[in-house]
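Chain and residue survey
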Amino acid sequence: MMMQLAEPKAGAPSGADFAEYGAKAAASAREVGEVFQFTLNEPVTIERQRSAMIPILSGTVGARRVSIYNPGDRQDFPMRGVEITNGETQLLPGPLAVFVGSTHAGDATINQVAAKDKRLIAYAVDLEVNAETRHESQNNLTKLTIVQGVVRHSYGQRFTTTYVFTNKDTKRQRTIMGEHPRMDGWNYTGAKPVEESATVHRFEVKAEAGKTAELKVVQERTMMEEAGVLGYDMETLVRYRSEGKLSQAVLDAFKAVATKQMA
């Protein structure tokens, strides 16, 4: 399979030229129950001990150029890629050659793509974009209560991942699809993902030509733990009261327990 991207330079073959040069499709496609069937338009004769390659699909697929960054694959550079939007015909799995204008840009492998489905395809390392990842985590007590003699304290966890992309290409903007590991049970409080898969959430950020772009992914969740009433000192509890993390009634209950303990 061959894919041609972007507008070629003056004098170079265009996408239409590639389509005209390539062999015409020799089959038609249609859905048959749960599968997709390609039927040859004309009989094909193959001589004994010979083989033949028969083009079954020739047409245009919607696509846009992107860079794909997944820190699990490599942390220093994203991959050059393309986001394809399939049409009415299923695309079968197999090798894929990518051309920018008339220049071979790279190779990839594509899995089966259903009709009207989308796929991200990476075909080469984008050496013109540097990537850096930073992590920061915080745990903050938010509330403290006493339930049936047991102290329950709730605290919020915040995990911040900052992706920094430096576009060294001074002529062309980069649209970067950042793949962030999926963490179930966490909520996004900043940037929202534009799409998701079974393992990652994808965020989109644009890096202008010759400039740096930052993508900050902030995730939060609330956790709860239990402890004994005597596990806290009074100075800490008074501070929690002043910060609004426990009520006066809870503080008075702690004081009553401390008084009985000292008696």
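Sequence positions are assigned chain by chain, starting from 1 and proceeding in written order. In view of the model being predicted, local features appear only for residues whose pLDDT reaches at least 70, and side-chain atom pairs are presented and counted only at 80 or more, with totals across whole chains, interfaces and linings using the full set of residues. No hydrogens and no water enter the side-chain calculation; it runs on all heavy atoms of the structure.

Before going further, it helps to spend a moment on the pairing of strand β6 (residues 94-100). Extensive coverage of β6 is indicated by the burial of five of its seven residues. Strand pairing requires that DSSP identify at least two bridges connecting the strands. To qualify as a helix, a DSSP run of H or I must reach at least 4 residues; to qualify as a strand, a run of E must reach at least 2; elements of each kind are numbered from the N terminus. Relative to strand β7 (residues 103-110), β6 is paired through seven bridges, and the arrangement is antiparallel. Its bridge partner being in β7, A97 is matched across the sheet by D107. A loop of two residues connects β6 with β7, the two strands running antiparallel in sequence, and G101 in this loop sits at a positive phi of about 65 degrees. Between buried and exposed lies partly exposed: a residue is buried under 20% and exposed over 50% of the maximum accessible area for its type, with that area taken using a 1.4 Å probe on protein chains only.

The residue G244 is located in the loop between α2 (234-242) and α3 (248-262) in this model. Put simply, G244 and T142 are 102 residues apart on the chain and 8.5 Å apart in space, counted from C-alpha to C-alpha.

Take a nonpolar patch on the surface next. On the surface, L40, V44, I46 and I54 cluster together into a nonpolar patch covering about 290 Å² of accessible area. Relative to the helices and strands, I54 is located in the loop between β3 (35-40) and β4 (62-69). We classify I54 as partly exposed; its relative accessible area is 32%. Only residues whose relative accessible area exceeds 30% and that form no salt bridge are eligible for patches; like-charged ones are grouped when within 9 Å, while nonpolar side chains (Val, Leu, Ile, Met, Phe, Trp, Tyr) are grouped when within 5 Å. We get accessible surface area from the Shrake-Rupley algorithm with a probe of 1.4 Å; when it comes to residues, only the shown protein chains can shield them. Any Lys or Arg side-chain nitrogen located within 4 Å of an Asp or Glu carboxyl oxygen qualifies as a salt bridge.

Relative to the assigned elements, S67 resides in strand β4. Overall, the relative accessible area of 2% leaves S67 in the buried class. At 2.7 Å, the side chain of S67 and the side chain of D126 are in polar contact. Any pair of N or O atoms that falls within 3.5 Å is considered a polar contact. Within protein, one atom must be able to donate a hydrogen and the other to accept it, and sequence-neighbouring residues count only if both atoms are side-chain atoms.

All chains considered together, the criterion is met by 16 salt bridges. Its salt-bridge partner being R74, residue D76 comes within 3.0 Å of it at the nearest N-O pair. Each member of the salt-bridge network shares a partner with another, and the members are R80, D126, E128, D169 and R174.

Take the nonpolar core next. Throughout this description, the term nonpolar core refers to a set of buried Ala, Val, Leu, Ile, Met, Phe, Trp, Tyr and Cys residues connected via side-chain atoms within 4.5 Å. Core analysis: the largest hydrophobic core is formed by 13 residues, its most contacted members being Y69, Y163, F165, I176, V205, L215 and V217. Where this core is concerned, the elements lending two or more residues are β9 (129-147), β10 (150-167), β14 (200-207) and β15 (212-228). Membership of the second largest hydrophobic core comes to eleven residues, among which are L91, L96, A108 and A124.

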